[in-house]
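# Chain and residue survey
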Amino acid sequence: MSTENLSLSPEPQPRKPRVAVVFGGRSSEHGISVVTAGAVLRAIDRTKYEVLPIGITRDGRWALTADEPERMAITDRRTPDVDELAESSEGGVLLSVDPGNREVVYSEPGSVPKALGEVDVVFPVLHGPYGEDGTLQGLLELSGVPYVGSGVLASAVGQDKEYMKRVFTSFGLKVGPYVVIRPREWERDESAARRKIVDFAAEHGWPLFVKPARAGSSIGITKVDDQAGLDDAIAEAQRHDPKILVEAALTGREIECGVLEFEDGPRASLPAEIPPPDAHAYYDFEAKYIDSTPGLVPAPLTDEETAEVRRLAVAAFDAAACEGLVRADFFLTDDGEFVINEINTMPGFTPISMYPQMWQATGVGYAELVDLLVSAALRRPTGLR
């Protein structure tokens, strides 16, 4: 039989990698995470990747959401919410913890579960506890699914400001004076815990900054000018975290620097400076996200200062064993010394956020930044590395 006229079947086209953008979450930074997800969904290259948006509600339900980034924006000074984007008020998304099965399943009460296909990489844009702190990263390690950003240890260190500072100190990076009040101290002897802060103020002076030890986006932070405002500041911090951190005020300029992992290792962006906002006591949540106080990019530093802060940012990235990306925040004191304040392993990632702005000034645009992060995650295996 002749095969001359038989047509050959076309070769099947390889499937594009599927990226699950996971956002929202149970922390007080839920709304900012949704805004970040909208920016990532707008920027990700749909010719290169398939995208699956998954929102985590404030009570922890994994929801299938609409792929509609225009609904994920701050409107009338109000941040968006996953519940407003979820396709169902009861349906849930399940990720297998079997490393040999990356299938994502969607189920609703009374309905047959529906397979959504395999996920090749997760882009977790959650901020704060239950997402940025190593908990989600641990789940993804168990599932064997690659993900953008730092692993379990670095994520946990980057979330807990006390242990972050301890790690930095052990690697020779300079941090400012601070004191920590743990929940047991407060429960055992409230007056002694308060006295510990007052004694710290007597040594380092007022004002102080009272913070939740494991939160971000400047949520729950109060600048305290004297002892009269201390109790309210403690109560506000404890609304977000039972463990609080108290820092002495440092006189100097606020300088930030981004770190991004390339194939040949981490590199630092040009730094930015955060000038004191006119309408706010400091660079708080409202100044960052609602009023969009502009930073100076690049920071007006000398060449020597720029080189030094970039070196220190990479040193902080390495000290905490970070991967993917980090924003490192410093104070440049009046005597010319850089003091590291903190790192963020999943920094604010909206187009107006400082991290993408710094990389834009360095020559890496927002869409390219997203692509570099996803590509790095796909190269990196899960497990011990």
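The notes below deal with the structure included here.

With that out of the way, let us pick up the side chain of serine 143. By secondary structure assignment, the location of serine 143 is in helix 3 (residues 135-143). Only 2.8 Å separates the side chain of serine 143 from the backbone oxygen of serine 96, close enough to count as a polar contact. Ignoring any residue separated from it by four or fewer positions in sequence, one finds serine 143 in contact with Leu95, Ser96, Val97, Asp98 and Pro99.

Turning our attention to the state of the cysteines. Scanning the model with the defined rule gives zero disulfides in all. Free of any disulfide, cysteine 322 has its nearest cysteine sulfur in cysteine 257, 13 Å distant. Residue classification places cysteine 322 among the buried positions, given a relative accessible area of 7%.

Val21, Phe23, Phe123, Phe349 and Val370 are the most contacted members of the largest nonpolar core, which has 35 residues in total. Discounting residues that sit within four places of it in the chain, phenylalanine 349 has contacts with Thr36, Ala39, Val40, Phe123, Leu325, Tyr355, Pro356, Tyr366, Leu369, Val370 and Leu373. Val259, Ala299, Ala313 and Val326 belong to the second-largest nonpolar core, a separate cluster that totals 29 residues.

This brings us to the sheet that holds strand 9 (residues 208-212). Taken in spatial order, the four strands make up an open sheet running 8-11-9-10, and their pairing is antiparallel. Strand pairing shows two members of the sheet lacking a second neighbour, strand 8 (178-181) and strand 10 (222-224), which therefore form its edges. Strand after strand, the sheet turns through a mean of 25° between neighbouring axes, direction not considered. As paired strands, strand 9 and strand 10 are joined by three bridges and run antiparallel to one another.

Quick notes on the rules
Residues numbered from 1 in each chain as written. Predicted model: local features only at pLDDT ≥ 70, side-chain atom pairs only at ≥ 80, totals over all residues. Heavy atoms only, no water. Helix = DSSP H or I, 4+ residues; strand = E, 2+ residues; numbered from the N terminus. Polar contact = N/O pair within 3.5 Å; in protein donor to acceptor, adjacent residues only side chain to side chain. Contact = heavy atoms within 4.5 Å. Disulfide = S-S within 2.5 Å. Buried < 20%, exposed > 50% of the residue type's maximum accessible area, 1.4 Å probe, protein only. Core = buried A, V, L, I, M, F, W, Y, C linked by side-chain atoms within 4.5 Å. Pairing = 2+ DSSP bridges. Axes fitted to C-alpha atoms, helices over the stretch in contact; angles between N-to-C directions.

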